[in-house]
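Chain by chain, the residues run as shown.
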Amino acid sequence: MYLKTTHNKKTGRSYLSIVRGYRDAQTSKPKSITVKSIGYLDELEKEYNDPIEYFKEVAKNMTKDYNSENEAITINFLRNEILEENTNNRKNLGYAAILKIYHELELDKFFINKQRHKEFEYDTNAMMILLVISRLLNPCSKKKTYNEKDKYFERFDFTIKDIYRGLTYISKISNETQKYMHEKITIKYGRDTSLIYYDITNYYFEIDKQDNLRRKGVSKEHRPDPIVQMGLAIDRNGIPISYKIFSGNKSEKLMLRPMISEIKKEYKLGRIIIVADKGLNSGDNIYYTTTDKDKDGYVFSQTVRGSNKEFKDYVLEEKGYRNKEGKAASGEDEFKIKSRIYPREIEVTTVTGKKAKRKIDEKQVVFYNKKYDKKAKAERNEVIEKAIALISNPSNYKRATTYGASKYILNLEFDKKTGEIITTDKALKLDLEKLKEEEKYDGYYCIVTSELKETDEKITEIYRGLWKIEESFRVTKSDLESRPVYLSKEDHINAHFLTCFISLVISRILQMKTGYEYSVSELMNSLNKISCTNEQENIYLFDFRNEVTDAIGKALGIDFTKKRMQLSQIKKILSQVKKR
């Protein structure tokens, strides 16, 4: 390597950089690559007596280090050498990317400081690192996580019993952890909380007995098992802000305002616009959101089929529809949209618990999409086939297995205790009138909002961002396998969800750093494959590299390209990612 001086004729200034020469493998022509940009000579002269000589020495030392790291290594081995019993030399280094973001968020500092004056001796920071790494790279039970701790280059000096004890403590500081992470994300990466996307999902437990938290309710998977509900709020960029755990039998509509109010107060947020689906579109949520001191806003979807006749007539009337270009639209267009500001009457619960009517001005945006129309018909056809099969063989079904199909069948009755279909004198048959009525509204969608001055296109764009939270739930359920199937204590369940929350945040930040080019699955699968085998003494052989690992390495400043590394090089990487 050598010091290169580049002179700019226009400005008259000289720029210093350290470059490395090499010979192109294809053309055999000499080339060079910049390995360190230093700065303008006139500015460097203010800091160094002789910048040229100083950085020549730097380049010389960098050359020595480079040659030392790339010197040939002789490996001796026996042709028929046998592995010792229970040998497992495989280790993962991809977790360095997770550690990098974990330490950027200064979570290590948080957990170490929180434990400082506690009596227990186990390291909650090391414990959380193991739980988060495992949740992202190899989601499994706490016991299996502990048993596989040696696959990483970390020293995890605690027992499996310590983990379960630690979960109780971690549960107690869950809210503090979320707030701390929010503050760090705001400082490190920037937060845009002008829009908050909110939704609720649930996780089922295959248990017979319910408790205070795990209660039977409306399951997203349509299962009869007890469930736990989780409300999740994310920012405009899709990075989680906070979560809350609720018992399974509570109405999701009642959970929105308490959680948003707490977030606004604790996180010191200004006016926000809440974006959610029709499941959270209630009179109380609309009215109290827009009448609080900050006069927050909302963008909710609204059912068309479940609306009153006046609104249905407005949706189906062709007058006012236009396509994306703003031209008049006909019923044959692929996409059409219209809106109106309407004095809507809603029902609100007063402070005394009674119901009262209130009027609000609301913008209603209605659009039709041919693609959605076809999708709705295809999905209904599947349900109709199930309904026809049920009518032919009702004994093959129970209430739990008729989900979706039962609403299209006339004269269908169930035993309240067993859920079995009751045989009556009335024959089962398809409700053709209902099918005909529902088909009218295929492809039509409605969004209601408090933002009266926003354009129709802007409102639909805001609402489409809701996929970010839907994807977050998919990530937690599939990639992170967050259903706490192996836990039963309430504090352990809450601590488990905190681990999943931290993991989700880290995965989202990694997506952001890599330009949202890859899914969480692609990122984590690639990191999981950055593994190595102890080839001889302290030399490790790596066997995986792809476009994703290169992108992660470039974004985080970690070199995942080497085929072989000495243990000292690996430890250097891990030491560097832990620096803030």
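Note: the structure precedes this text.
In this report, the structure presented in the accompanying data block is examined.

### Here's the deal with the overall build of the protein chain
Along its length, the protein chain carries 19 helices and 17 strands. Along the three orthogonal principal directions, the C-alpha set of the protein chain runs to about 95 × 70 × 55 Å. Burial statistics for the protein chain: of 580 residues in total, 46% are counted as buried. Within the protein chain, counting contacts between residues at least 6 apart in sequence, those at least 24 apart form 64% of the total. Positive and negative side-chain charges of the protein chain, numbering 108 and 88 respectively, have mean locations separated by a distance of 2 Å.

### Examining helix H18 (residues 547-556)
Residues of H18 that are buried: Val548, Thr549, Ile552, Gly553 and Leu556. Down the axis of H18, the buried side of the element spans an arc of 135°, and every buried residue falls inside it. Across from the buried face of H18, at angles greater than 90 degrees, the exposed residues are Glu547 and Lys554. The inward-facing, buried residues of H18 contact helix H3 (95-104), helix H16 (490-513) and helix H17 (520-529).

### A word on unusual backbone geometry
For residues other than glycine, phi is negative in most cases, and the peptide bonds are mostly trans. Its identity as a non-glycine residue notwithstanding, lysine 295 has a phi of 50°, on the positive side. Along the chain, lysine 295 falls in the loop between helix H10 (283-290) and strand S9 (297-302). The phi angle at asparagine 411 is positive, at roughly 70°, despite the residue not being glycine.

### Some remarks on the environment of glutamate 535
Inspection of the secondary structure assignment puts glutamate 535 in strand S15 (residues 531-536). Judged by its relative accessible area of 31%, glutamate 535 falls in the partly exposed class. For the pair glutamate 535 and tyrosine 298, spaced 237 residues apart in sequence, the C-alpha to C-alpha distance is 59 Å. Of note is the side chain of glutamate 535, whose polar atom sits 2.8 Å from the side chain of arginine 564.

### Side note on the packing of aromatic side chains
As enumerated under the stated definition, the model contains 20 aromatic pairs in all. For the pair tyrosine 15 and tyrosine 40, a centre-to-centre distance of 5.0 Å together with 85° between the ring planes defines the contact as edge-to-face. A residue pair is termed long-range when its members are at least 10 positions apart, and tyrosine 15 in strand S2 (residues 14-23) and tyrosine 40 in strand S3 (residues 30-40) qualify at 25 residues. Overall, the relative accessible area of 32% leaves tyrosine 40 in the partly exposed class. Pairing phenylalanine 156 with phenylalanine 158 gives two aromatic rings, centres 5.9 Å apart and planes at 55°, and the pair type is tilted. Ring pairs connect the aromatic residues Phe335, Phe367, Tyr372 and Tyr445, which therefore count as one cluster. The ring of tyrosine 204 carries arginine 223 above its face, with NZ or CZ at 4.0 Å from the centroid.

### Notes on the packing of H3 against helix H5 (residues 124-137)
For any two helices packed against each other, one specifies the crossing angle of their axes together with the interaxial distance. Viewed as axis vectors pointing N to C, H3 and H5 meet at an angle of 130°, and their least axial separation amounts to 10 Å. Classified by the angle between their axes, H3 and H5 sit oblique to one another. The handedness of the crossing between H3 and H5 comes out as right-handed. Residues Tyr95, Ile98, Leu99, Tyr102 and His103 of H3 pack against Asn125, Met128, Ile129, Val132, Ile133, Leu136 and Leu137 of H5. Per-class residue counts for the contact of H3 with H5 are 10 nonpolar, two polar and no charged.

What counts and what doesn't
Numbers given for residues are sequential positions, taken from 1 along each chain in its written order. At least 70 in pLDDT is required for a residue's local features to be given in this predicted model, at least 80 for side-chain atom pairs to be given and counted, and no such filter applies to totals for whole chains, interfaces and linings, which use all residues. Where side-chain values are given, they derive from all heavy atoms of the structure, hydrogens and water being excluded. Runs of E in the DSSP output that reach at least two residues are strands. Runs of H or I that reach at least four are helices, and both are numbered from the N terminus. Throughout this description, buried means an accessible area under 20% of the type-specific maximum (1.4 Å probe, protein chains only), exposed means over 50%, and partly exposed covers the range between. In this analysis, two residues are considered to be in contact whenever any of their non-hydrogen atoms come within 4.5 Å of each other. Residues scored as positive are Lys and Arg, those scored as negative are Asp and Glu, and His as well as the terminal groups of each chain are ignored. By convention, the charge on Lys lies at NZ, on Arg at CZ, on Asp at CG and on Glu at CD. This arc is built from the directions going out from the helix axis to the C-beta atoms. In protein, a polar contact means a hydrogen-donor-capable atom and an acceptor-capable atom, both N or O and within 3.5 Å, with residues adjacent in sequence counting only if both atoms are side-chain atoms; elsewhere, any N or O pair within 3.5 Å suffices. Between 30 and 60 degrees the pair is tilted, below 30 it is stacked and above 60 it is edge-to-face, where a pair is any two Phe, Tyr or Trp rings, Trp via its six-membered ring, whose centres lie within 6.5 Å. Here, a charge over a ring means that NZ of Lys or CZ of Arg falls within 6 Å of the ring centre while also lying within 35 degrees of the ring normal. Axis angles are defined between N-to-C directions and span 0 to 180 degrees, where every axis is a line fitted to C-alpha atoms and, for a helix, only to the segment in contact. Should an angle lie under 35 degrees it is considered roughly parallel, over 145 roughly antiparallel, and from 65 to 115 roughly perpendicular; all remaining angles are considered oblique. For any helix crossing, the convention is left-handed if the near helix is rotated counterclockwise from the far helix by under a right angle, and right-handed if that rotation is clockwise. Basically, the charged four are Asp, Glu, Lys and Arg, the nonpolar ten are Ala, Val, Leu, Ile, Met, Phe, Trp, Tyr, Cys and Pro, and anything else, Gly included, counts as polar.

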